[in-house]
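Tertiary structure, described
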Amino acid sequence: MKNLKDLTYAIVGLGIMGGSLAKAIREHILSQSGATGKIYVCNRSTACLTQALNEGVADKAFKSDEYSLFLPECDFVYVCLYPHMTLNFLKDNKDFFKSGAIVTDISGVKGIFEKQLPQILRKDVDFIIGHPMAGGEKEGYAHSTSTMFLNRNYILCPQDSNKKENLELMRQFISEIGFTRITETTCDIHDYKIGFTSQLCHVIACSLVDSAKDEGITAFGGGSFEDLTRIAMINAPLWTELFISNKEKLVSHIEKFEEQLDQFKKAIEKSDKDSLIKLMEESREKRLKMGSIRTVSK
């Protein structure tokens with residue numbers, strides 16, 4: 001099996017996630033004794049490329065029209081772009097990938113990849129569908145850090161076409177850069193559950209902020225509003241794409257949330273103490289059970 005410390009890595013898209021991946025590879029993998037691997041980074045704007053080179057994070061940097069100059073050398077390619085930009089990148093540059101290369105992504109929706117990848121990539125390129133469950137509300141390389149992935153969860157969606165040895169190398173890589181849990185599932189289950197635990201939460205946070213008629217109302221905050229709405233500081237173009245790409249599952253979650261919210265509304269309107277107590281006790285018990293669930297690492 002390939003040795004992680006001797007691979008040439010490409011990071012396509014050097015924002016907060018791409019930058020953090022590059023820094024984590026440099027600190028946790030290529031700092032090992034005898035490491036000969038390299039990191040190539042690519043981005044549309046060039047300021048972050050210069051910064052990555054100056055910081056010693058990257059060995060070489062390329063602009064987004066220079067894919068043919070570095071992809072043929074890369075053993076492991078991380079595509080850190082929006083979902084449809086990722087698909088377009090794969091289509092436009094499929095002939096440049098090194099034979100035997102592992103390619104993966106960070107996208108928050110997976111069904112579109114499962115459907116389209118077989119028609120896009122060459123059979124000698126192994127695309128492993130994955131989703132690192134990490135990030136932050138601030139954007140850009142300047143906010144990236146090598147510690148972003150410590151003790152976080154990584155979701156993998158293995159396909160029948162994936163080579164066993166490449167999946168094992170991917171699991172090793174994930175662990176090396178700090179993730180402590182690997183959840184393996186299907187693309188359909190991923191999109192359903194992420195639709196609830198991530199996308200619905202962002203919809204609720206934005207809706208709560210937008211429902212305020214008085215921006216000064218936060219002077220009366222005690223922490224609850226702040227905790228609930230941190231994720232409303234959102235990358236609107238990215239999340240628009242995620243919402244629409246997963247619209248069937250997300251709309252279903254929104255409808256169920258509306259039903260639950262309506263139960264609270266009716267009980268409050270009627271001053272129905274028993275119903276309110278029952279609703280809140282049930283939610284408390286369910287939340288306690290949710291908190292006790294842990295996925296076994298693989």
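We now turn to the structure provided with this report.

This part covers the pairing of strand S7 (residues 153–157). Among the five residues that make up S7, five are buried, leaving the element largely enclosed by the rest of the structure. Here S7 shows two buried faces, one formed by Asn153, Ile155 and Cys157 and the other by Tyr154 and Leu156. The sheet contact formed by strand S6 (residues 126–133) and S7 spans five bridges and is antiparallel. Of the residues in S7, the one forming a bridge with glycine 130 is leucine 156. A crossover connection joins S7 to the parallel strand S8 (residues 181–184) through helix H6 (residues 164–176); in handedness this β-α-β unit is right-handed.

Before going further, it helps to spend a moment on the nonpolar core. By size, the foremost hydrophobic cluster in this structure holds 40 residues, and its most contacted members are Tyr9, Ile11, Tyr78, Phe149 and Phe173. For this core, the elements supplying multiple residues, two or more each, are strand S1 (8–12), helix H1 (16–28), strand S2 (38–43), helix H2 (47–54), strand S4 (76–79), S7 and H6. Top contributing element to this core by residue count: H1, with six residues. Counting residues in hydrophobic clusters, the runner-up holds 36 residues, among them Leu90, Ile112, Phe113 and Leu200.

With respect to the helices and strands, the residue valine 209 is situated in helix H7 (residues 187–210). Spatially, the C-alpha atom of valine 209 lies 41 Å from that of asparagine 93, the residues being 116 residues apart in sequence. Discounting chain neighbours no more than four positions away, the residues touching valine 209 are Phe225, Thr229 and Ala232.

When their charged atoms lie close together, side chains carrying opposite charge are able to pair. As enumerated under the stated definition, the model contains ten salt bridges in all. One salt bridge connects arginine 171 with glutamate 168, and the closest N-O pair in it is separated by 3.2 Å. With arginine 171 and glutamate 168 both in helix H6, this residue pair falls three residues apart, about one helical turn. A relative accessible area of 39% means that glutamate 168 is categorised as partly exposed. A salt bridge links arginine 284 to glutamate 285; its shortest N-O distance comes to 3.6 Å.

For H2, every residue scored as buried is listed here: Cys48, Leu49 and Ala52. For H2, the angular spread of the buried residues around the axis is 105°, confining them to a single face. Exposed positions of H2 whose direction lies more than 90 degrees from the buried face are Ala47 and Asn54. Those residues of H2 that are buried are in contact with S2 and strand S3 (60–63).

What counts and what doesn't
Residues numbered from 1 in each chain as written. Predicted model: local features only at pLDDT ≥ 70, side-chain atom pairs only at ≥ 80, totals over all residues. Heavy atoms only, no water. Buried < 20%, exposed > 50% of the residue type's maximum accessible area, 1.4 Å probe, protein only. Helix = DSSP H or I, 4+ residues; strand = E, 2+ residues; numbered from the N terminus. Pairing = 2+ DSSP bridges. Right-handed = clockwise from strand over helix to strand, strands pointing away. Core = buried A, V, L, I, M, F, W, Y, C linked by side-chain atoms within 4.5 Å. Contact = heavy atoms within 4.5 Å. Salt bridge = Lys/Arg side-chain N within 4 Å of Asp/Glu carboxyl O. Arc of directions from axis to C-beta.

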